[in-house]
Amino acid sequence: MINPWSSKQYFDYEKLKKDFGIENTDNFFNHYLFTRRLIFGQRSISYIEFAIKNKMPFNAVTGLMPSGEMHLGNKITIDQMMYFQSLGARVTIAVADLESYATRGISFEKARNIAINNYIVNYISMGLKPCNIYFQSENFDMQKTAYVLSNETNMSELKAIYGLEDSSSILHVNAPIIQASDVLHVQLGKYGGPAPTIVPVGVDQDPHIRLMRDLAQRYRIYNVKKENTGISVYIRGKNDPHEFIDRAVEILSKNLYKTEINYEYRSIKISNSVPEDDIKIDIILANLEKDFNDMTFIGPSATFQKLETGLKGGKMSSSVPDSLISLNDDPKEAERKIKNAVTGGKKTIEEQKQFGGNPDICPVFELYAYHNPDNEYVTRVYDECKGGARMCGSCKAEAAENISKFLKDLKEKRDESMTKINDYLMNKSL
Ligand code: SF4
């Protein structure tokens, strides 16, 4: 079981993919995080590809926990958000101030300061364009949607997904529903209506993704099913299906689909469809359904990113300050941490020259791989390490120089980024 509340580091990504049915990424996305397989899996990313190919609206949603400081390990999510934004995504970011108040006693005012000073200002300096950032405690649409979603969730299900026990706090029930609502409410009519939605996450968040995808489906009236020869649509619920079927048939025929109707079985068979039409038909019907169902959602898609290893090996953790580099760290402090990092190098220079190092287990190499988009450069570092032409001391110094340049750049942009904050916040009461 994957537990989103555990501090365990997951390394066997292939096994996780197999166990939980997470699919491989394809070659559609030409970003180094995809091509280097730092994004190692996905759920239903074909919806996002479809939206991009057909120039249709889509969302990218993530959240931040306003505690501590943003560090390099969190950067991969924002790098993805910026990439999806460059491809046309409407970006929404939830500040989980309800959760930080409930679990860590951080006041809403403090959470706001942390979110702005430690996270949002860095997002802007990194290049995130204006988008919608909101605080959970202030977003009534999200809260209302969470309340409604809870009606379609029961304890047996949450126990099965999260391993909850009778002694688990109700927060463990509320938190996943709130997260589902963070992601799904951006498809409400006032935010633009149903649209494919991508959520970049670590694999530990997969239980939340599975729950929100199930919830999205449970609220749909039109249930699009891929069958061997094509697509069928089933009308969910107990209401008289005639009107739902007639309206769907009308819109499908406008899109040149031929239909066979069975009112008794509440179904429509689309006779000239192929299984690959499922996304197109789902989106067409979601856009019809939104006129009579406020809770019309397209199941969210997800990318799963690998977790960057801490500089001391294991997980980056604020309880081990030298394991991570905060984006607010002084560049000199970052250099010191990198120079003290563990590596995949051999014990002596002679051995390193003879046998080469092991960049595949080296947190210093990850600084190159996660944070430098230049493929040629990163490949050269990898090959030189493996081939014994690169020594750890100079390699660390080079990585430290790169990272401190990045941090200096963020620092220089900080004041200017601060003046732009209101272009990002949904509630602009700064
Ligand atoms: S040479 Fe660089 S990449 Fe290779 S093991 Fe040493 S620090 Fe890591």
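The name given to the chain in an unreviewed UniProt entry is Tryptophan--tRNA ligase, with the source organism recorded as Acidiplasma aeolicum. Recorded under Function (unreviewed entry), the UniProt text for the chain is reproduced unchanged: "Catalyzes the attachment of tryptophan to tRNA(Trp)."

## Some points on empty space enclosed by the protein
Following the criterion strictly, the structure yields one cavity of 30 Å³ or more and no others. Approximately 110 Å³ is the volume attributed to the largest cavity. Forming the walls of the largest cavity are 16 residues, and the residues nearest its centre are Thr343, Cys362, Cys385, Cys392 and Cys395. Mapped by element, the contributors of at least two residues to the lining of the largest cavity are α15 (363-371), α16 (375-387) and α17 (392-419). Broken down by element, the lining of the largest cavity gets its largest block of residues, three residues, from α17. Among the residues forming the lining of the largest cavity, the class breakdown is nine nonpolar, five polar and two charged.

## A word on the confidence of the model for the chain
Low pLDDT means the predicted coordinates in that region are not meant to be read closely. Model confidence for the chain is summarised by a mean pLDDT of 93, while 97% of its residues fall at 70 or above. Least confident of the elements in the chain is helix α1 (residues 13-20), whose mean pLDDT is 82; most confident is strand β3 (residues 90-95), at 98.

## Details of the sheet that holds strand β8 (residues 259-262)
One open sheet accounts for four strands, arranged β6-β7-β9-β8; its pairing is antiparallel. Every other strand in the sheet has two partners, leaving β6 (222-226) and β8 as the edge strands with one partner each. Averaged over all pairs of adjacent strands, the angle between their axes in this sheet comes to 20°, without regard to strand direction. Pairing between strand β7 (residues 231-235) and strand β9 (residues 267-270): four bridges, direction antiparallel. Across the sheet, Ile231 pairs through a bridge with Ile270, a residue of β9.

## Some remarks on the pattern of salt bridges
Here the structure, examined in full by the defined rule, presents 24 salt bridges. Note that Glu14 is salt-bridged to Lys17, the shortest N-O span being 3.2 Å. Of this pair, Glu14 and Lys17 both sit in helix α1, separated by three residues, roughly a single helical turn. According to the relative accessible area criterion, Lys17 is buried, its value standing at 9%. For Glu398, the salt bridge goes to Arg390, with nearest N and O atoms at 3.3 Å. A relative accessible area of 23% places Glu398 in the partly exposed class.

Conventions and cut-offs
- Residues numbered from 1 in each chain as written.
- Predicted model: local features only at pLDDT ≥ 70, side-chain atom pairs only at ≥ 80, totals over all residues.
- Heavy atoms only, no water.
- UniProt positions renumbered as here; feature names shortened; annotations may be inferred.
- 1 Å grid on protein atoms, 1.4 Å probe; cavity = no way out; pocket = protein on both sides within 12 Å on 5 of 7 lines; lining within 4 Å.
- Points joined across faces, edges and corners; volume = space filled by probe spheres on them.
- Helix = DSSP H or I, 4+ residues; strand = E, 2+ residues; numbered from the N terminus.
- Nonpolar A, V, L, I, M, F, W, Y, C, P; charged D, E, K, R; others polar.
- pLDDT = per-residue confidence, 0-100.
- Pairing = 2+ DSSP bridges.
- Axes fitted to C-alpha atoms, helices over the stretch in contact; angles between N-to-C directions.
- Salt bridge = Lys/Arg side-chain N within 4 Å of Asp/Glu carboxyl O.
- Buried < 20%, exposed > 50% of the residue type's maximum accessible area, 1.4 Å probe, protein only.

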